[in-house]
Amino acid sequence: MAILSLFDRRRQRVRTTLRKRSGGKPRLSIHRSGRHIYAQVIDDAAGRTVASASTLDKDLKGKANATRDGAAQVGKAIAERAKAAGVSTVVFDRGGFLFHGRVKALADAAREGGLEF
């Protein structure tokens, strides 16, 4: 069996907990890198992505970067797109990332934009 890093162990723990508690709701999945932040609303039952947003989108490309402000803009954009697709309630999948800094800024902006989680 392969030895998992602390990040991978945390990611597995978060995903396992989400599967138990999701109740069939779509999940808001977050990924961040050194330069960008990405968000997707995923319907696991249907196996498809309902909405997505990132700092690489044409709407945000010049304005948003890998800062808390950029993450907040991505959070607002994902909330708008999810609501346009008919999704208002999600479960928050932070992956292996700590709920701090950019991840927290994105989550707060998505809540302000109208997503419930």
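- Within an unreviewed UniProt entry, the label attached to the protein reads Large ribosomal subunit protein uL18, and the organism entered is Sphingomonas sinipercae.
- According to the UniProt record, the Sequence similarities (unreviewed entry) comment for the protein is "Belongs to the universal ribosomal protein uL18 family."
- Per UniProt, the protein carries the Function (unreviewed entry) text "This is one of the proteins that bind and probably mediate the attachment of the 5S RNA into the large ribosomal subunit, where it forms part of the central protuberance."

1. A short note on the pairing of strand 1 (residues 27-32)
At step 1: Note: strand 1 against strand 2 (residues 37-43), six bridges, orientation antiparallel. Its bridge partner lying in strand 2, I30 is registered against A39.
At step 2: Joining the antiparallel neighbours strand 1 and strand 2 is a turn of four residues.
At step 3: As defined by bridge partners, strand 1 adjoins strand 4 (residues 91-93) across three bridges and the pair is classed as parallel. Pairing of S29 across the sheet is with D93, part of strand 4.

2. Regarding helix 3 (residues 102-112)
At step 1: When helix 3 is considered as a whole, its buried residues turn out to be R102, V103, A105, L106, A107, A109 and A110.
At step 2: Looking one or two residues beyond helix 3, the residue adopting positive phi is G114, at roughly 115°.

3. A word on the pattern of salt bridges
At step 1: Tallied over the full model, the rule gives eight salt bridges.
At step 2: Residues D93 and R15 are paired through a salt bridge, measuring 2.7 Å at the closest nitrogen-oxygen approach. Of the two residues, D93 is situated in strand 4 and R15 in helix 1 (residues 6-21); the sequence distance between them amounts to 78 residues.
At step 3: For D93, a relative accessible area of 0% gives the class buried.
At step 4: Across the pair D108 and K104 runs a salt bridge, and its minimum N-O distance is 3.1 Å. Pair noted here: D108 and K104 are both in helix 3, with a separation of four residues, about one helical turn.
At step 5: Its relative accessible area of 26% is what places D108 among the partly exposed residues.
At step 6: A single network of salt bridges, built from pairs that share partners, joins R15, R27, D44 and D93.

So, how was this worked out
Throughout, a residue's number is its position along its own chain's written sequence, starting from 1. Whole-chain, interface and lining totals are the exception, using all residues; otherwise, since this is a predicted model, local features are given only for residues with pLDDT of at least 70 and side-chain atom pairs are given and counted only at 80 or more. To obtain the side-chain values, all non-hydrogen atoms of the structure were included, while hydrogens and water were left out. UniProt positions are given in the numbering used here, feature names are shortened, and annotations may be inferred rather than shown by experiment. Any two strands with at least two DSSP bridges between them are considered paired. In this text, helices come from DSSP runs of H or I with a minimum length of four residues, and strands from runs of E with a minimum of two, each type numbered from the N-terminal end. We call a residue buried when its accessible area falls under 20% of the maximum for its residue type, exposed when it is over 50%, and partly exposed in between, using a 1.4 Å probe and counting protein chains only. Whenever a carboxyl oxygen of Asp or Glu lies within 4 Å of a side-chain nitrogen of Lys or Arg, that contact is scored as a salt bridge.

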